[in-house]
There are 2 protein chains.
Amino acid sequence: MRLSTRGRYGLRALFDLALNQSGGPIPLSEIARRQNISESYLEQLFASLRKAGLVKSVRGAHGGYNLGASADAIYIGQILRTLEGDIAPADCVNDRHATECSGADACVTRIIWEKIKDSIDQVIDSISLGDMVQKQNELDQKNLKNGIVNNSHTQCNI
Amino acid sequence: MRLSTRGRYGLRALFDLALNQSGGPIPLSEIARRQNISESYLEQLFASLRKAGLVKSVRGAHGGYNLGASADAIYIGQILRTLEGDIAPADCVNDRHATECSGADACVTRIIWEKIKDSIDQVIDSISLGDMVQKQNELDQKNLKNGIVNNSHTQCNI
DNA sequence: CCAATTCCTACTAAATTACTATAGATTAAC
DNA sequence: GTTAATCTATAGTAATTTAGTAGGAATTGG
């Protein structure tokens, strides 16, 4: 039940974008370098994110990407669903893929999948990029007090 | 983030076993037929389940499988983890696979994965096979009142 | 003995994942 | 107007994972 790299990289990339917003657009090469993700792979992910309105692009030299909305208005559920499809443990509870199952109204196993899905949804639809940025600031403050300095927020190999 | 057939079939098979317990061991061929799952694939799954103590086997003619404990004492978390490994959206929060990540103590993305994992764990570690059996009985009662009869609990193609 | 069963291991085809490659379009800066 | 930096689009591909199948050995009731 692991997310694929699409969802994992995509969230990290958008979080990076949210952390490093500066008014002007951020080129993918920067995000790729900071996050240690292949630039051309990111291009694919950002194509999907752009179509979903989660980022806005500026073409040409000095172009790049900006968030498509305020970080407080972008929930990680939107990001993950854009990149991974509906987050569901089985197709019978996938709202998009929608594989109907005969006898679903008497299927207890299906109820289990639904509960799992609902609990995931509740998490990912209640946390925004803005929340993540705020949390990062808190963590940095805390670590600063303890003498730990990490201003990179990068190099995740997962 | 779909579960693989190992987890999905495995849960259905053990639920089938819990529903159809009769004292004596149930051969896999029965479960395979009722649940529409390949018998030889089930053999593989039950090998893992047996090693984990979730089922007990009786070899030879008239042999088969029984639950390894009371249905009330077998939680679906145990079943899914036996067949799928730890249920985690990313390796950095996988307690078994345990891919350590440098800077994990300042990683907000990791905190997200952890919340997702925790919410899944809470669901799967709070529902037992016994709960599922009880729920099935309730559903059958309800459907009976409405004239819907479904005594098969089978043929899921998901 | 024989049939029904679990047990064990190896193999394999299909699907998915995680990219890479290539070509093109757009734009800022010089 | 040329160049370099950037996004856009599509196709290809190697590695991995999934979802089984196959074949046979061991066990046991009748």
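Notes on the structure follow. (Residues numbered from 1 in each chain as written. Chains lettered and ligands numbered in written order. Predicted model: local features only at pLDDT ≥ 70, side-chain atom pairs only at ≥ 80, totals over all residues. Heavy atoms only, no water.)

## Focus on the pattern of salt bridges
All names here are of chain A.
Next up, step 1: Using the criterion set out here, one finds 20 salt bridges over all chains in the structure.
Next up, step 2: Among the ionic pairs, Glu30 bridges to Arg34, the shortest N-O distance being 3.0 Å. With Glu30 and Arg34 both in helix α2 (residues 28–35), this residue pair falls four residues apart, about one helical turn.
Next up, step 3: Salt bridges here are not isolated pairs; linked through shared partners, they connect Arg81, Asp86, Asp95, Lys117, Asp121 and Asp125. (Salt bridge = Lys/Arg side-chain N within 4 Å of Asp/Glu carboxyl O. Helix = DSSP H or I, 4+ residues; strand = E, 2+ residues; numbered from the N terminus.)

## Observations regarding the interface of chain A and chain B
Next up, step 1: With 45 residues of chain A at the interface, the matching set in chain B holds 45 residues.
Next up, step 2: Of all residues in chain A, the largest losses of buried area upon contact with chain B belong to Met1, Val108 and Ile158 of chain A, amounting jointly to 18% of the total for that side.
Next up, step 3: The tally of links from chain A across to chain B stands at two salt bridges.
Next up, step 4: Here Arg2 of chain A ties to Asp91 of chain B by a salt bridge, and the two come within 3.2 Å at their closest N and O atoms.
Next up, step 5: Viewed at the interface, chain B and chain A are joined by seven residue pairs in polar contact (both at pLDDT 80 or more). (Contact = heavy atoms within 4.5 Å. Buried area = accessible area lost by both parts, 1.4 Å probe. Polar contact = N/O pair within 3.5 Å; in protein donor to acceptor, adjacent residues only side chain to side chain.)

## Some thoughts on the protein's contact with DNA strand D
Next up, step 1: Close contacts around DNA strand D come from 24 residues, with Arg50, Ser57 and Tyr65 of chain A together with Ser38 and Gln44 of chain B the closest.
Next up, step 2: In this structure, Gln44 of chain B approaches DNA strand D through a side-chain N or O atom, which is 2.5 Å from a base oxygen.
Next up, step 3: Listed by contribution, the elements that provide at least two residues to the surface near DNA strand D are α3 (39–51), β1 (55–58) and β2 (64–67) of chain A together with α1 (5–19) and α3 (39–51) of chain B.
Next up, step 4: The residue makeup of the surface near DNA strand D, split by class, is nine nonpolar, 11 polar and four charged. (Near = heavy atom within 4 Å. Nonpolar A, V, L, I, M, F, W, Y, C, P; charged D, E, K, R; others polar.)

## So, the pairing of strand β2 (residues 64–67) of chain B
Residues and elements named next belong to chain B.
Next up, step 1: Across four bridges, the pairing between strand β1 (residues 55–58) and β2 is antiparallel. Paired with Val58 across the two strands is Gly64, which belongs to β2.
Next up, step 2: The hairpin turn running from β1 into β2, its antiparallel successor, is five residues long, and Gly60 in that turn takes a positive phi close to 80°. (Pairing = 2+ DSSP bridges.)

## Considering the side chain of Lys117 of chain A
Next up, step 1: Turning to its location among the elements, Lys117 of chain A is positioned in helix α5 (residues 108–124).
Next up, step 2: If we ignore the near neighbours within four places in the chain, the residues touching Lys117 of chain A are Asp86, Ile87, Ala88, Pro89, Val93 and Asp95 of chain A.

## Topic: α3 of chain B
Residues and elements named next belong to chain B.
Next up, step 1: Between the first and last C-alpha of α3 there are 18 Å, a value that for 13 residues agrees with the 18 Å anticipated at 1.5 Å per step.
Next up, step 2: If you check which residues of α3 are buried, you get Leu42, Leu45, Phe46 and Leu49.
Next up, step 3: Those residues of α3 that are buried are in contact with α1, α2 (28–35), β1, β2 and α4 (76–84).
Next up, step 4: One or two residues past the end of α3 sits Gly53, with phi positive at roughly 80°. (Expected span 1.5 Å × (residues − 1). Buried < 20%, exposed > 50% of the residue type's maximum accessible area, 1.4 Å probe, protein only.)

## Details of the nonpolar core
Next up, step 1: One finds Phe46, Trp113 and Leu129 of chain A together with Phe46, Trp113 and Leu129 of chain B to be the most contacted residues of the largest nonpolar core, which totals 98 residues.
Next up, step 2: What Trp113 of chain B contacts, discounting residues up to four positions off in sequence, is Leu3, Gly7, Arg8, Leu11 and Leu80 of chain A together with Pro89, Ala90, Cys92 and Val93 of chain B. (Core = buried A, V, L, I, M, F, W, Y, C linked by side-chain atoms within 4.5 Å.)

## Observations concerning the relation of the copies chain A and chain B
Next up, step 1: With an axial shift of 0.0 Å and an RMSD of 0.0 Å, the rotation relating chain A to chain B amounts to 180°. Look at the turn and shift together and you get a two-fold axis relating the two. Rotation axis and chain A: the residue whose C-alpha lies nearest the axis is Met1 of chain A, separated from it by 2.4 Å. (Least-squares fit on C-alpha atoms with pLDDT ≥ 70 in both.)

## A few points about the environment of Leu28 of chain A
Next up, step 1: Mapped onto the fold, Leu28 of chain A is located in helix α2.
Next up, step 2: Expressed as a C-alpha distance, the spacing of Leu28 of chain A and Leu42 of chain A, which sit 14 residues apart in the sequence, is 7.2 Å.

## As for the protein's contact with DNA strand C
Next up, step 1: With respect to spatial proximity, 24 residues lie near DNA strand C, and among them Thr5 and Gln44 of chain A together with Leu28, Ser57 and Tyr65 of chain B are the closest.
Next up, step 2: The contact atoms of DNA strand C, taken as those within 4 Å of the protein, divide so that sugar and phosphate hold 70%.
Next up, step 3: The separation between a base oxygen of DNA strand C and a polar main-chain atom of Ala61 of chain A is 3.2 Å.
Next up, step 4: At 2.8 Å from a phosphate oxygen of DNA strand C is found a main-chain nitrogen or oxygen belonging to Leu28 of chain B.
Next up, step 5: Sorting the residues of the surface near DNA strand C by element identifies α1 (5–19) and α3 of chain A together with α3, β1 and β2 of chain B as the ones contributing at least two each.
Next up, step 6: Tallied by class, the residues present in the surface near DNA strand C amount to eight nonpolar, 12 polar and four charged.

## Observations concerning the packing of aromatic side chains
Residue and element names in this part refer to chain A.
Next up, step 1: Enumeration according to the criterion identifies four aromatic pairs over all chains in this entry.
Next up, step 2: Seen in terms of ring centroids, Tyr9 and Tyr41 are 6.0 Å apart; in terms of plane orientation they differ by 85°. Their pairing is edge-to-face. In this pair, Tyr9 is assigned in helix α1 and Tyr41 in helix α3, connecting sequence segments 32 residues apart.
Next up, step 3: Between Phe46 and Tyr65 the ring centres are 4.8 Å apart and the planes differ by 50°, which places this aromatic pair in the tilted class. Here Tyr65 lies in strand β2 and Phe46 lies in helix α3, a separation of 19 residues in the sequence. You'll find Phe46 and Tyr65 in the same group, each marked buried. (Phe/Tyr/Trp six-rings, centres within 6.5 Å; stacked < 30°, edge-to-face > 60°.)

## Observations concerning the environment of Ala71 of chain B
All names here are of chain B.
Next up, step 1: Checked against the element boundaries, Ala71 lands in the loop between β2 and α4.
Next up, step 2: Through-space distance from the C-alpha of Ala71 to that of Glu100 is 36 Å; in sequence the pair is 29 residues apart.
Next up, step 3: In this structure Ala71 touches Ala18, Ser128, Leu129 and Gly130, once residues within four positions along its chain are discounted.

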